[in-house]
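Working through the structure, step by step
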Amino acid sequence: MNKKTWTTWMVAAAMATLGQQAHANLVQDGSFESVSLASGTYTQLWNGQSAAWALGASGLEVRNSIVGAAYEGNNYAELDAYSANSFISQELSTVAGQWYELSFAYANRLGWPVASNGLTWEVGGQQGTAPALAFNNTGTHDWHLFSVVWQATSDTTVLKISAAGLSDGAGSSLDAVSVTPVPEPQSAWLMLAGLLGMGAWVSRRKQAQR
Ligand SMILES: [Ca+2]
Ligand SMILES: [Ca+2]
């Protein structure tokens, strides 16, 4: 195998690996599509009524194109839906030592003050608050993507997303919750640096052969 073929093969293999990882979402029903809802309607689920998620005392509201449209698919969720802040949680099958990326789409509840909105996340011993978003009264969701990279310390990891802000029955919209394996942050940079270095070497070699 000559150098060019080898480089092409290495790039293809790296892209195939990344492609596989992009589809390996560990979260069940992260897009809230398991509930069959007519467009323009919503429903309230209580703990035990979602096969994928454990729910806090105030349950989970799932909406289809009402008070804004979903980020992906038809449905999205609201965690401060039934008069008080609630949460969703789910146990993930992880590999101790493996790095993962948690990501989700979120938007402020249309027409509600910034202080009524907010989401916190917990996974793998880490926790935090998604950055606050601007007041939105446009009638259309302004979806933002949040993501964080973390390392699993166990073969099972609990993911929890909670409503924050005022506990007043209206809060952030949530969709597309995803946890996917990713390369260790340092090794990803090393791999990229290696590929760039190999590309430069091939380029110099080609020029030298002219
Ligand atoms: Ca969805
Ligand atoms: Ca609220």
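As a reminder, the structure under discussion sits directly above these lines.
So, about the overall build of the chain. On a plain count of helices and strands, the chain comes out with two helices and eleven strands. The linear arrangement of helices and strands in the chain, starting from the amino end, is α-β-β-β-β-β-β-β-β-β-β-β-α. Look at the contacts in the chain between residues 6 or more apart in sequence, and 79% of them connect residues 24 or more apart.

This paragraph deals with the coordination of the calcium ion (ligand 1). The calcium ion (ligand 1) binds to the protein through Ser31 (O), Ser31 (OG), Glu33 (OE), Glu72 (O), Asn75 (O), Asp175 (OD) and Asp175 (OD), with metal-donor distances spanning 2.3 to 2.8 Å. Each donor residue of the calcium ion (ligand 1) lies on one chain, and together they are spaced S-x1-E-x38-E-x2-N-x99-D. Taken together, the positions of glutamate 33 in the loop between helix H1 (3-23) and strand S1 (41-45) and asparagine 75 in strand S4 (residues 75-78) put the pair 42 residues apart, joining distant regions of the chain. Classification of asparagine 75 as buried rests on a relative accessible area of 2%.

Right, let's get into the coordination of the calcium ion (ligand 2). Protein-derived coordination of the calcium ion (ligand 2) comes from Asp80 (OD), Ser116 (O), Leu166 (O), Asp168 (OD) and Ala170 (O), at a distance range of 2.2 to 2.4 Å. We note that the donor set of the calcium ion (ligand 2) lies within a single chain, spaced as D-x35-S-x49-L-x1-D-x1-A. A residue pair is termed long-range when its members are at least 10 positions apart, and serine 116 in the loop between strand S6 (99-107) and strand S7 (119-123) and aspartate 168 in the loop between strand S10 (156-163) and strand S11 (173-182) qualify at 52 residues.

Attention now goes to the packing of aromatic side chains. Inspection of every chain in the model, using the stated rule, returns eight aromatic pairs. Between the aromatic rings of tryptophan 46 and tyrosine 82, the centroid separation amounts to 4.8 Å while the plane-to-plane angle is 85 degrees, which identifies the pairing as edge-to-face. You can see tryptophan 46 sitting in the loop between S1 and strand S2 (54-55) and its partner tyrosine 82 sitting in the loop between S4 and strand S5 (87-93), a full 36 residues away along the chain. Here the aromatic rings of tyrosine 76 and tryptophan 143 are separated by 5.8 Å at their centres, their planes lie at 80 degrees, and the arrangement is edge-to-face. Of the two residues, tyrosine 76 is situated in strand S4 and tryptophan 143 in the loop between strand S8 (126-129) and strand S9 (144-151); the sequence distance between them amounts to 67 residues.

What counts and how
- Residues numbered from 1 in each chain as written.
- Chains lettered and ligands numbered in written order.
- Predicted model: local features only at pLDDT ≥ 70, side-chain atom pairs only at ≥ 80, totals over all residues.
- Heavy atoms only, no water.
- Helix = DSSP H or I, 4+ residues; strand = E, 2+ residues; numbered from the N terminus.
- Contact = heavy atoms within 4.5 Å.
- Donors = N, O, S within 2.8 Å, 3.2 Å for Na, K, Ca; no water.
- Buried < 20%, exposed > 50% of the residue type's maximum accessible area, 1.4 Å probe, protein only.
- Phe/Tyr/Trp six-rings, centres within 6.5 Å; stacked < 30°, edge-to-face > 60°.

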